[in-house]
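Here is how the chains run, residue by residue.
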Amino acid sequence: MKKFIMYGAGNIGRGFIGQTFSNAGYKVGFVDINMEVIDKLNNDKEYPLHTVTTEANIESSVKNVYGINGGDIELVSDEIASCDIMATAIGVNVLKFIAKPIAKGIEKRAKSSGKELNIIICENMIGADAYLKDLVKKEIPDLADFVDNKVGFVEASIGRMVPVMTEEKKAGNALRVYVEPYNILPVDKDAFKGEIPTDVKNLYPFSPFNLFIQRKLFMHNMSHALCSYLGYLRDYEYVYQTVNDFDIEYVALKALTSSALAVSIENNSDIKPLIDHADNLLYRFKNTALGDTVKRVGKDTKRKLGSNDRLIGALKLCEKHGVDANYICIGIASGMVFNPSDDESSVELSNFALNNGVKETLKVYSDYQGKYVEIIEEMYKAISEKKPLSYLITIAENQNNKGIRV
C-alpha cells in the first residue's frame with residue numbers, strides 16, 4: 001500500500017487532503033503536535049467525516065490512517081524519507097517550524113532510495129512553493145541540487161470549505177470533521193518531479209497554475225472576506241446570513257465579476273468558467289450546515305488587507321488591467337472597521353485607520369497608493385457615519401457614471 005504523509009491533522013488535513021488520498025487507497029499518516037488527535041488516530045485508525053449541506057448530513061469513515069508525533073523529528077523525518085508523496089496544511093506562519101524535519105527527511109531519502117518527493121503545499125499564500133523550498137534548502141545547503149532536481153514543491157488551490165468544529169459538532173470525537181460536498185483539488189502540474197499520481201480521484205494537475213492560485217485568492221477568499229466584513233456591519237453572526245442579504249450578495253457578485261474579468265485577462269483564459277465559479281461560490285456560501293461565522297472568516301485584517309492578499313491583491317489586479325474595482329473597494333473600506341474585541345490584528349488596524357486615516361492605513365498595511373485611495377476614503381467615511389450599504393453601492397455606481405474605471 002502506498003504511503004501519504006499529511007503534515008497537519010487539522011480540518012483541511014483531515015477533512016480534505018487526507019480523505020482524498022485515503023479514498024485513493026493510500027495509507028495516510030498525519031503529523032501533528034496535538035497529541036489528543038495523534039493518539040486517537042493511532043487508536044481508532046479511522047475517523048468520521050460528515051458531508052453536509054443545508055438539506056442533508058451524510059456520514060462516512062476515512063480509513064487506513066495513523067498519527068505521527070510532530071515533536072519527534074527523527075520519527076517524522078523517517079516517515080517523510082519513506083513515503084510516496086506528502087502535503088502540508090498547517091498555516092503559512094508555521095511553515096518555518098516544519099522546514100527542519102522536512103529537510104531531515106529529504107536528507108535521509110537522498111541517502112537511501114534517492115527517489116523523488118513531491119510536497120503538495122495547501123496554504124493560502126501566493127508563492128508558498130518558493131517560500132517553503134527556500135526554507136528547506138537553508139537547512140540542507142549541501143543537498144541543494146537534490147532539492148532542485150528531486151523535490152517537487154507543488155502548490156494547491158484549496159477550495160473546499162471546512163468549518164471550525166465546535167464541541168457540539170465533535171459529539172465526543174476529537175477526529176470528527178464536517179465538510180461541504182465540493183472536493184476538487186487543483187495542483188500545479190509543472191511543479192511535480194517524476195511521475196504525477198494518476199490514481200487520486202479529484203486531484204487535478206493543471207498548467208499554467210497561476211490561474212487557480214488567483215481564482216482562489218482573488219475570488220473565493222476575496223468574496224468570503226467581503227461578505228464577512230459587510231455582515232459585521234449588519235450584525236450578522238454567520239456567513240450564510242450575509243449572502244442571503246440581497247445587498248451584500250449584490251456587492252459580492254459585482255466584486256467577483258470584476259475579479260473574474262481581471263483574472264481572465266491576466267491569464268489569457270476564458271471568462272465563462274470564472275463567472276460560473278463566482279455563481280457557485282455564492283451558492284456554497286449559503287450552506288447553513290457549515291455554520292461558518294463572520295468573525296472567523298474576517299479575522300486578521302492585517303493579513304487579509306495585505307499588499308498581495310485577497311482584497312488589495314484583487315484590487316491591484318483589476319487596476320492593472322483597467323477593470324472596475326469599485327465594489328472591491330466596499331470590501332476594503334468595511335474591512336477597516338472590522339474590530340471584534342478578541343481579534344488583536346483587526347483591532348490594531350481599525351484603530352490605526354481611525355487615528356491616522358485611510359490613506360496612511362493603505363500605505364502602511366497594504367502598500368497601496370493607487371487610484372482607488374480616494375474612493376475607499378469616501379466609503380470609509382460613509383461607514384463611519386453609519387450610512388446604509390445602499391449608500392456605498394451608490395458611491396460605486398457614481399464612479400462608473402463619472403467614467404472612473406482606471
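*Asks:* Quick one: what's the story with the nonpolar core, residue by residue and with numbers?
*Replies:* As a rule of thumb, soluble globular proteins bury nonpolar side chains together. With 69 residues, the main nonpolar core has Ile328, Ile332, Met336 and Ile376 as its most contacted residues. Residues Tyr26, Val37, Ile38 and Val154 belong to the second largest nonpolar core, which totals 34 residues.

*Asks:* Now, about the side chain of histidine 50: what can you tell me, with residues and values included?
*Replies:* Take histidine 50: it is sitting in strand E3 (residues 46-52). Exposure remark for histidine 50: the relative accessible area of 8% places this residue in the buried category. At a separation of 2.8 Å, a polar atom in the side chain of histidine 50 contacts the side chain of asparagine 57. Not counting residues within four places of it along the chain, the set of residues in contact with histidine 50 comprises Asn57, Ile58, Glu59, Arg176, Val177, Tyr178 and Val179.

*Asks:* Give a detailed account of the sheet that holds strand E4 (residues 57-63), specifying residues and quantitative values.
*Replies:* Read from one edge of the open sheet, three strands run E4-E3-E9, paired in mixed fashion. Because the sheet does not close on itself, it has two edges, and the strands there are E4 and strand E9 (177-179). When strand polarity is set aside, the average angle formed by the axes of neighbouring strands in this sheet is 30°. Note that E3 and E4 share seven bridges and pair antiparallel. For glutamate 46, the partnering residue across the bridge sits in E4 and is lysine 63. Along the sheet, helix H1 (residues 11-23) contacts E3, E4 and E9; its crossing angle with E3, the most-contacted strand, is approximately 100°.

*Asks:* For the packing of helix H4 (residues 95-111) against helix H5 (residues 128-139), give the residues involved together with the corresponding values.
*Replies:* Running from N to C, H4 and H5 point in directions that differ by 55°, and their axes come no closer than 8 Å. Comparing their axes, H5 and H4 come out oblique. Two packed elements cross with a definite hand, and for H4 against H5 that hand is right-handed. Between H4, through Leu95, Lys96, Ala99, Lys100, Ile102, Ala103 and Ile106, and H5, the contact on the second element is made entirely by Tyr131, Leu132, Leu135, Val136 and Glu139. Split into classes, the residues belonging to the contact of H4 with H5 amount to nine nonpolar, no polar and three charged.

*Asks:* Any details on the pairing of strand E7 (residues 117-121)? Residues and values, ideally.
*Replies:* Across the five residues of E7, five count as buried, placing the element largely inside the fold. Of the two faces of E7, both are covered, the one formed by Leu117, Ile119 and Ile121 as well as the one formed by Asn118 and Ile120. Sheet topology note: the strand E6 (residues 85-88)/E7 ladder contains three bridges and is parallel. Residue threonine 88 lies in a different strand from E7, and its bridge partner there is isoleucine 121. Following the backbone out of E6, through H4 and into the adjacent parallel E7, one traces a crossover that is right-handed. Where E7 lies against strand E8 (residues 151-155), five bridges are found, and the strand directions are parallel. Following the sheet pairing, isoleucine 121 is matched in E8 by glutamate 155.

The rules behind each value
Residues numbered from 1 in each chain as written. Predicted model: local features only at pLDDT ≥ 70, side-chain atom pairs only at ≥ 80, totals over all residues. Heavy atoms only, no water. Core = buried A, V, L, I, M, F, W, Y, C linked by side-chain atoms within 4.5 Å. Buried < 20%, exposed > 50% of the residue type's maximum accessible area, 1.4 Å probe, protein only. Helix = DSSP H or I, 4+ residues; strand = E, 2+ residues; numbered from the N terminus. Polar contact = N/O pair within 3.5 Å; in protein donor to acceptor, adjacent residues only side chain to side chain. Contact = heavy atoms within 4.5 Å. Pairing = 2+ DSSP bridges. Axes fitted to C-alpha atoms, helices over the stretch in contact; angles between N-to-C directions. Parallel < 35°, antiparallel > 145°, perpendicular 65-115°, else oblique. Left-handed = near helix turned anticlockwise from the far one by under 90°. Nonpolar A, V, L, I, M, F, W, Y, C, P; charged D, E, K, R; others polar. Right-handed = clockwise from strand over helix to strand, strands pointing away.

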